[in-house]
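Listed here are the chains, written in short residue letters.
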Amino acid sequence: MKLSRRQTLQLGFGAFLGAGCTQMSQLSNSAFGMPSKDFPIKGSLSLKQRAAAKGIIFGAAANQRDVVRDTEYAQVLAKDCGILVPENDLKWADLRPSPDQFDFQRGDWMAQFTKQHGLLLRGHTLAWHQSNPEWLKDITRQQAEQVLVKHIHTVVKHYAGRMHSWDVVNEAIDGAWSDRADKLQPTQWVKLLDKNYIEIAFRAAAAADPNAILVYNDTSVDYDVPEDNRTRAAILKLLESLKSRNVPIHALGIQGHLDAAEKRFNEKKFRDFLSEVAGMGLKILITELDVSDRSLPADIHVRDRAVADAIEQYLSVALDERAVSAVITWGISDRYTWLSRYPRPDKLPVRTLPYSDTMQRKLAWNAIARSFDAAPKR
Ligand code: 9MR
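Residues numbered from 1 in each chain as written. Predicted model: local features only at pLDDT ≥ 70, side-chain atom pairs only at ≥ 80, totals over all residues. Heavy atoms only, no water.

Chemist: Describe in detail the packing of helix H10 (residues 226-244) against helix H11 (residues 267-279), supporting the description with residues and values.
Modeler: It is at 11 Å that the axes of H10 and H11 come closest, and there the two elements cross at 10°. Between H10 and H11, the angle is such that the two are roughly parallel. From H10, Asn229, Arg232, Ile235, Leu236 and Leu239 reach across to H11, where they touch Lys269, Phe273, Glu276 and Val277. (Axes fitted to C-alpha atoms, helices over the stretch in contact; angles between N-to-C directions. Helix = DSSP H or I, 4+ residues; strand = E, 2+ residues; numbered from the N terminus. Parallel < 35°, antiparallel > 145°, perpendicular 65-115°, else oblique. Contact = heavy atoms within 4.5 Å.)

Chemist: With reference to specific residues and values, describe the packing of aromatic side chains.
Modeler: Applying the stated criterion to the full structure yields 11 aromatic pairs. Seen from their ring centres, Phe104 and Tyr159 are 5.7 Å apart, and the 80° between their planes marks the pair as edge-to-face. Of the two residues, Phe104 sits in the loop between helix H5 (92-95) and helix H6 (105-116) while Tyr159 sits in the loop between helix H7 (141-158) and strand E4 (163-170), which places them 55 residues apart along the sequence. The pair Phe104 / Tyr159 is uniform in exposure class, with both members buried. Aromatic rings pair up to connect Trp92, Trp135 and Trp189 into one cluster. For the cation-ring pair, Arg96 lies above Phe102, with the distance from its terminal atom to the ring centre recorded as 3.9 Å. Geometry around Trp365 places Arg361 over its ring, the cationic atom sitting 3.6 Å from the centre. (Phe/Tyr/Trp six-rings, centres within 6.5 Å; stacked < 30°, edge-to-face > 60°. Buried < 20%, exposed > 50% of the residue type's maximum accessible area, 1.4 Å probe, protein only. Lys NZ or Arg CZ within 6 Å of the ring centre and 35° of its normal.)

Chemist: Outline the pairing of strand E9 (residues 324-329), supporting the account with residue identities and numerical values.
Modeler: Counting buried positions along E9 yields six of six residues, so the element is predominantly enclosed. Note: strand E8 (residues 283-292) against E9, four bridges, orientation parallel. When the bridges of E9 are listed, Ile286 appears paired with Val327. In this fold, the crossover linking E8 to E9 by way of helix H12 (residues 300-318) has right-handed handedness. (Pairing = 2+ DSSP bridges. Right-handed = clockwise from strand over helix to strand, strands pointing away.)

Chemist: So, the site of the ligand: which residues are in play, and what are the values?
Modeler: Inspection of the region around the ligand gives 14 residues, with Glu87, His124, Ser131, Glu288 and Arg341 positioned closest. With respect to the ligand, the side chain of Asn88 contributes an N or O atom lying 3.0 Å from an oxygen atom. Trp330 places a side-chain nitrogen or oxygen 3.0 Å from an oxygen atom of the ligand. Relative to its unbound accessible area of 450 Å², the ligand is 89% covered by the protein chains. Tallied by class, the residues present in the shell around the ligand amount to three nonpolar, six polar and five charged. (Near = heavy atom within 4 Å. Polar contact = N/O pair within 3.5 Å; in protein donor to acceptor, adjacent residues only side chain to side chain. Areas by Shrake-Rupley, 256 points an atom, 1.4 Å probe, with all protein chains shown as cover. Nonpolar A, V, L, I, M, F, W, Y, C, P; charged D, E, K, R; others polar.)

Chemist: Account for the nonpolar core, naming residues and giving values.
Modeler: In terms of nonpolar packing, the biggest core is built from 111 residues, with Leu148, Trp166, Val169, Trp189, Tyr197, Tyr216 and Ile254 touching the most fellow members. Per-element accounting of this core gives the leading share, nine residues, to H12. Counting residues in hydrophobic clusters, the runner-up holds 13 residues, among them Ile83, Val215, Ala326 and Val350. (Core = buried A, V, L, I, M, F, W, Y, C linked by side-chain atoms within 4.5 Å.)

Chemist: An account of H12 is needed here, citing residue identities and associated values.
Modeler: Between its terminal C-alpha atoms H12 stretches 27 Å, which fits the 27 Å expected from 19 residues at 1.5 Å a residue. Counting buried positions over the 19 residues of H12 gives 14, a clear majority of the element. Its side-chain oxygen 2.8 Å from the backbone nitrogen of His301, Asp299 forms the N-cap of H12. (Expected span 1.5 Å × (residues − 1).)

Chemist: Could you give an account of H11, naming the residues involved and the relevant values?
Modeler: With 13 residues, H11 should reach 18 Å at 1.5 Å per residue; the first-to-last C-alpha distance of 18 Å fits that figure. Restricting attention to buried positions, one finds in H11 the residues Phe270, Phe273, Leu274 and Val277. Within H11, the buried residues cover an arc of 95° as seen down the axis, which keeps them to one side. Turned more than 90 degrees from where H11 packs its buried face, Lys268 and Gly279 sit exposed. Its side-chain oxygen 3.1 Å from the backbone nitrogen of Lys268, Asn266 forms the N-cap of H11. Remark: Gly281 follows H11 within two positions and exhibits a positive phi of approximately 85°. (Arc of directions from axis to C-beta.)

Chemist: Can you lay out unusual backbone geometry for me, pointing to particular residues and giving the numbers?
Modeler: Of note, the bond from His124 into Thr125 is cis; its omega dihedral lies within 30 degrees of zero at 0°. For Thr125, the position within the fold is in strand E3 (residues 120-127). Of note in this structure, Ser220 is not a glycine but carries a positive phi near 60°. Among the structural elements, Ser220 can be located in the loop between strand E5 (213-218) and H10. Taking relative accessible area as the criterion, Ser220 reaches 5% and is therefore assigned buried. At Lys347, a residue that is not glycine, the phi angle is positive and equals roughly 65°. For Lys347, the location among the structural elements is in the loop between E9 and helix H13 (363-374). Relative accessible area serves as the criterion here: at 64%, Lys347 is assigned to the exposed category.

Chemist: Give a description of the pairing of E4 that names residues and reports values.
Modeler: Burial of E4 is extensive: eight of the eight residues sit out of reach of the surface. Sheet topology places E3 next to E4; five bridges connect them, and they run parallel. Paired with Arg122 across the bridge in E4 is Ser165. Since E3 and E4 lie parallel, the crossover through H7 that links them has a hand, and here it is right-handed. In this sheet, E5 lies alongside E4 in parallel orientation, the contact comprising five bridges. Counterpart to Ser165 in the pairing with E5 is Ile213.

Set out below in structure tokens:
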């Protein structure tokens, strides 16, 4: 069975990507090495400064448990980021130990950290099918809307005035496996409330914080492969339908979990997609950028170049679209990346983010910096 990229995101990279990528370990390094490209950068500005010079926000996701105990890491985040997103601290599983309880401790700590360092804060996520508490499985159709709305009202109100944006609905669409015409994933929310849960969630979030940017966030839209093509088409239909019913939605979040060995990035298709979204009056945020190096050879120089190259190629297209207002990486250092849970076949540490596990800047950092430097101003 061939797994979609979305499923590999959920299950791990055991059967990574299928066609086109299975032979990578047998390819010579030169297939990936770009010795002539050293990703040189000018000046000494941080990523947030380079982004801000173009009217863009740069930031990263991080977990409170790491920021609180790792000063070196916290300093890097504060220096390079203009916005932080708690990677897991605001998910239902973390916030809702029981139907009657809300545990804001870790989220509040992150809110305080961002305030102290003058960073924006971003919320992730209010309606998803993963990282939900066990008790949520037991709710009935009759209870579902009230449970969803109560969660969103309480959480969004709690952070109202402090939140730059919320991922209101995450990963509703699955272009790889959904049998439905609208390609919605058959998640618990869909089973309980059908597609209405999306509109309910956005309206509840807007009522609780009229100033936050409300985002629909999704993955696997990056490549010219059948499942991504279907996902992009389904997302456009969803956005159009929400807009036509005046649902308060302000932006599309594109996660951007890339794969350095995937060569099927189609500039034109991606550009056209961004431009259609922008044409609906929506902003676009790149919300979870990272690059898997799992199928690359062992050589660190080869890997770092290939990862940087994937980032630069992707961001150069994305940032050409002036509706793209933020770039957020899913972690900032290989010391803490979800991708290390899915080890490379050779068990070498993964190198997917701007900083190494020893907090050294890598070419991925340069690639992001260069993309901001080359971007048109908003
Ligand atoms: O990086 C996150 C990891 O630590 C969590 O265990 C996992 C499940 O909550 O979610 C990861 O983040 C995901 C994000 O919330 C949504 N898009 C895909 C991300 C990577 O799986």
